[in-house]
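Summary of the model geometry
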Amino acid sequence: PSPIFTLTIDQVIGPDSEPFEFELPVSRLSEGVHYVKQRLIDVAGVGEDSLEKQYIVDFTAPYSFSFPPAASPPANLPEGSQITPGYLEQYGGVLFTFEDSPDWAQDDSQYIYWSLDPNPEVSECIDTVAWHATGNTYFLTAAVIQAAGTGTFWFVFALMDLAGNRSRNSRAVRFTVV
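Summary of the structure given here. Keep in mind the model is a prediction, meaning the values are calculated, not measured.

Notes on empty space enclosed by the protein
A complete count under the given rule lists one cavity of 30 Å³ or more for this structure. Here the largest cavity is characterised by a volume of approximately 40 Å³. Every residue along the wall of the largest cavity is listed here: Tyr63, Pro69, Ala70, Phe98, Glu99, Trp104, Trp131, Phe157 and Leu159.

A look at the environment of glutamate 48
Mapped onto the fold, glutamate 48 is located in strand β3 (residues 47-49). Filtering out sequence-adjacent residues up to four positions away, glutamate 48 remains in contact with Gln38, Arg39 and Leu40.

Some words on the pattern of salt bridges
This structure, assessed with the given rule, holds one salt bridge. A salt bridge links aspartate 49 to lysine 37, with the shortest nitrogen-to-oxygen separation between them at 3.5 Å. Placement of the pair is aspartate 49 in strand β3 and lysine 37 in the loop between β1 (32-36) and β2 (39-41), with a sequence separation of 12 residues. For aspartate 49, a relative accessible area of 34% puts it in the partly exposed group.

A look at the environment of serine 30
One can find serine 30 in the segment before β1. Take serine 30: its relative accessible area is 41%, and that puts it in the partly exposed class. In this structure the C-alpha to C-alpha distance between serine 30 and arginine 166, which are 136 residues apart in sequence, comes to 19 Å.

With respect to the packing of aromatic side chains
One pass over the full model with this rule turns up 11 aromatic pairs. Geometrically, the ring pair formed by tyrosine 138 and phenylalanine 155 is tilted, given 6.3 Å between the ring centres and 35° between the ring planes. Of this pair, tyrosine 138 sits in strand β9 (residues 137-141) while phenylalanine 155 sits in strand β10 (residues 151-160); the two residues are 17 residues apart in sequence, bridging distant segments of the chain. Note on tyrosine 138: relative accessible area 10%, which makes it buried.

A few points about the side chain of serine 101
Tracing the backbone through its elements, the reader meets serine 101 in the loop between β6 (93-97) and β7 (109-115). Side-chain polar atoms of serine 101 contact the side chain of tyrosine 63, separated by 3.1 Å.

Quick notes on the rules
For every chain, the first residue of the written sequence is number 1, and numbering continues from 1 onward in sequence order. Where local features are concerned, this predicted model is filtered to residues with pLDDT of at least 70; where side-chain atom pairs are given and counted, the filter is 80 or more; whole-chain, interface and lining totals use all residues. Working from all heavy atoms in the structure, the side-chain values ignore hydrogens and water. The pocket and cavity definitions rest on a 1 Å grid over protein atoms only: a 1.4 Å probe that fits but cannot leave marks a cavity, an open set with protein on both sides within 12 Å along at least five of seven lines marks a pocket, and residues lining either have an atom within 4 Å of a point. Grid points are joined across faces, edges and corners, and a volume is the space filled by probe spheres set on the points. Think of it this way: any DSSP run of H or I at least four residues long counts as a helix, any run of E at least two long counts as a strand, and we number them from the N terminus. Residue contacts are defined here by distance: any two heavy atoms, one from each residue, within 4.5 Å place the two residues in contact. Salt bridges are defined by distance alone: a side-chain nitrogen of Lys or Arg within 4 Å of a carboxyl oxygen of Asp or Glu. Here the term buried applies to any residue with accessible area under 20% of the maximum for its type, exposed to any over 50%, and partly exposed to those in between, with areas from a 1.4 Å probe on protein chains only. Each Phe, Tyr or Trp ring (for Trp, its six-membered ring) is paired with any other whose centre lies within 6.5 Å, and the angle between the two planes then decides the class: stacked below 30 degrees, edge-to-face above 60, tilted in between. Whenever a nitrogen or oxygen atom comes within 3.5 Å of another N or O atom, the pair is scored as a polar contact, on the condition that within protein one atom can donate a hydrogen and the other can accept it, and that pairs from neighbouring residues in sequence are kept only if both atoms are in side chains.

Pasting the structure below:
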C-alpha cells in the first residue's frame, strides 16, 4: 500500500534528539486496521524502515443501530419491582445482570444512571465501570438507593468503547423505592 501522507523533518536526528509529534489527517482515514511506520534517511540518502505499528480506526459506537438491552434485575425483588427497606436490609442493594453481546467488548466503559427520569442525559452518571468479556453485573448499593430517596426511579446504562464512541442509552428499567 502507498503512504497516506509524508512528513519530512529537515534536521539531524539522533538518539538524544527531542521527540516530535505529528497529527495524522483524519480526513484520510477510513474505519479499519491500519499500520504506521517511519523511514529514516541519512544524509547520503540511504533509508531504513521501522517496524510497522498497528492501529485501529473506529468511528462506530456500540449498539449504533439499536439500543442496548435493559439490565436484568434480580428475580427476587418484591412484586412490581418494588425496592423495600426490608429488601435492602437483607441484600444490601440490587444486583443487575447484563446479557452478553457482540456489540460490546472487554474494557468498554459502562456508564450507570439511577434517576428519577428515564432519560439519563438529565441525570448525573452515578458510576463508571469497566466492561468484562462476559458475565457483566452491577451492584447498586443500598446506600446509593437510600440517598436518592423514595419514588419512581429508572436504571439506565450506556457503553463507551475504547475509541470514545458512546452507545445509545439502554432501555430503562423502572423501580419503585418505598
